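# Structural overview for review
Each chain, letter by letter, is given below.
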Amino acid sequence: MSARQEREREARESFDTYYAASATRLISAVFAVTGNLADAEDAVQEAYARAWLRWDTLCAEGDPAPWIRTVALRLAVSTWRKARNRLRAQFRHGPPPDVPALAPDRVALIEAVRALPADQRKAIVLHHLLDLPVAQVARELGATETAIRTRLSRARKALAVRLDGPAPDPAAPAGPRRRTPAHRNRKGLPSA
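All of the points below concern the structure found in this document. Source: prediction; values computed, not measured. (Residues numbered from 1 in each chain as written. Predicted model: local features only at pLDDT ≥ 70, side-chain atom pairs only at ≥ 80, totals over all residues. Heavy atoms only, no water.)

## Points about the overall build of the protein
A count of helical and extended segments in the protein gives eight helices and zero strands. Counted from the first residue to the last, the protein has its helices and strands arranged as α-α-α-α-α-α-α-α. Counting the 192 residues in the protein, one finds 21% classified as buried. A separation of at least 24 residues holds for 49% of the contacts in the protein among residues at least 6 apart in sequence. (Helix = DSSP H or I, 4+ residues; strand = E, 2+ residues; numbered from the N terminus. Buried < 20%, exposed > 50% of the residue type's maximum accessible area, 1.4 Å probe, protein only. Contact = heavy atoms within 4.5 Å.)

Structure representation (C-alpha cells):
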C-alpha cells in the first residue's frame, strides 16, 4: 500500500470514528434550534459531507467540531428562513389560484397518447405538439423519414380508435350504395 493510500485510509477511519461519536449530539443540538428532526438530520448530514471534503485541513487546525457545528446550524437556519419566507409570501399574496381542471377531451387525449408505443408517442409529440417537420423528427429520433411517416400513420390510427372508435375504411363506400336496376342506366333512362 502506498503512502497516499495509507493516509486516505487513516483519514477515512478518523472521519468515521469522529462521525460515530459526535453526529447524534449534533443532531440533538440542531433539532433544539429548528424544532424539526428531518431538517436537523439533513443539515448535520450536509455539514459532515462538507467537512469530509476538507477533513485533513480541519484536523490540522485542531478540533473540527466548531466548524461542523457552525455549518450545520447555518444550514438549518437557512432552511428555516426559506420556509418562513415561503409562509410570509403566501400570507402576503394569498394562496395560489386554483388551477382549472383539464377538459375531459384533453385528459382522454393525454391518456391515449400515453398508451402508444414509445416510438410512436415520440413521433406524435414532436410532429404534432411541437410542430416539427418530419425531416427534423427523423433526425432527432435517428430514423428515416419513411419510418417516421409510418409511425405517425400508425399512431394516428391508434389514437382514432381509442378516441373515436374504429376509423372508417377509406376503401369502403361511405354509406349503403344504391343499386340501379338492371333495366335502367345511371341517368335513370331505360337501357336499350
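The structure having been displayed, the exposition proceeds.
## Describing the pattern of salt bridges
Counted by the stated rule, this structure contains six salt bridges. Across the salt bridge formed by R9 and E6, the nearest N and O atoms sit 2.3 Å from each other. A residue pair is termed a helical-turn pair when its members lie 3 or 4 positions apart in one helix, as R9 and E6 do in helix α1 (residues 3-34) at three residues. Note that E145 is salt-bridged to R149, the shortest N-O span being 3.3 Å. Residue E145 and its partner R149 are located together in helix α8 (residues 145-164), separated by four residues, close to a single helical turn. (Salt bridge = Lys/Arg side-chain N within 4 Å of Asp/Glu carboxyl O.)

## Some points on unusual backbone geometry
Residue D131 is not a glycine yet carries a positive backbone phi of 55°. For D131, a relative accessible area of 62% puts it in the exposed group.

## Concerning the packing of helix α6 (residues 118-129) against α8
The description of two packed helices rests on the angle between their axes and on the distance between the axes. With their axes 9 Å apart at the nearest point, α6 and α8 run at an angle of 95° to one another. With respect to each other, α6 and α8 are oriented roughly perpendicular. Across the interface between the two elements, D119, Q120, A123, I124, H127 and H128 from α6 touch R151, L152, R154, A155, R156 and L159 from α8. Its residues assigned to classes, the contact of α6 with α8 shows five nonpolar, three polar and four charged. (Axes fitted to C-alpha atoms, helices over the stretch in contact; angles between N-to-C directions. Parallel < 35°, antiparallel > 145°, perpendicular 65-115°, else oblique. Nonpolar A, V, L, I, M, F, W, Y, C, P; charged D, E, K, R; others polar.)

## Quick notes on helix α7 (residues 134-141)
Three or more residues of α7 are buried, namely V134, V137 and A138. For α7, the arc enclosing every buried residue in end-on projection is 100°, short of the 170-degree limit, so these residues lie on one face. Close packing links the buried residues of α7 with α6 and α8. One or two residues past the end of α7 sits G142, with phi positive at roughly 65°. (Arc of directions from axis to C-beta.)

## Regarding the packing of aromatic side chains
Under the criterion given, the structure shown has six aromatic pairs. When the centroid spacing of 4.8 Å and the interplanar angle of 80° are considered together, the rings of Y19 and Y48 count as edge-to-face. Taken together, the residues Y19 in helix α1 and Y48 in helix α2 (residues 37-53) connect sequence positions 29 residues apart. By relative accessible area, which is 3% here, Y48 ends up buried. Members of the aromatic cluster, each reached through a chain of ring pairs, are F15, Y18, Y19, Y48, W52 and W55. (Phe/Tyr/Trp six-rings, centres within 6.5 Å; stacked < 30°, edge-to-face > 60°.)

## As for the nonpolar core
Counting residues in each nonpolar core, the largest one holds 21 residues, and the members touching the most others are L26, V30, V44, Y48, W55 and I68. Counting only elements with at least two residues in this core, the list comes to α1, α2, α3 (55-61) and α4 (65-93). If near-sequence neighbours (up to four positions away) are discounted, I68 is found in contact with Y18, L26, A47, Y48, A51 and W55. Formed by 14 residues, the second largest nonpolar core is a distinct cluster that contains V113, L126, L132 and I148. (Core = buried A, V, L, I, M, F, W, Y, C linked by side-chain atoms within 4.5 Å.)

All quantities given are derived from atomic positions and should not be read as evidence of function.
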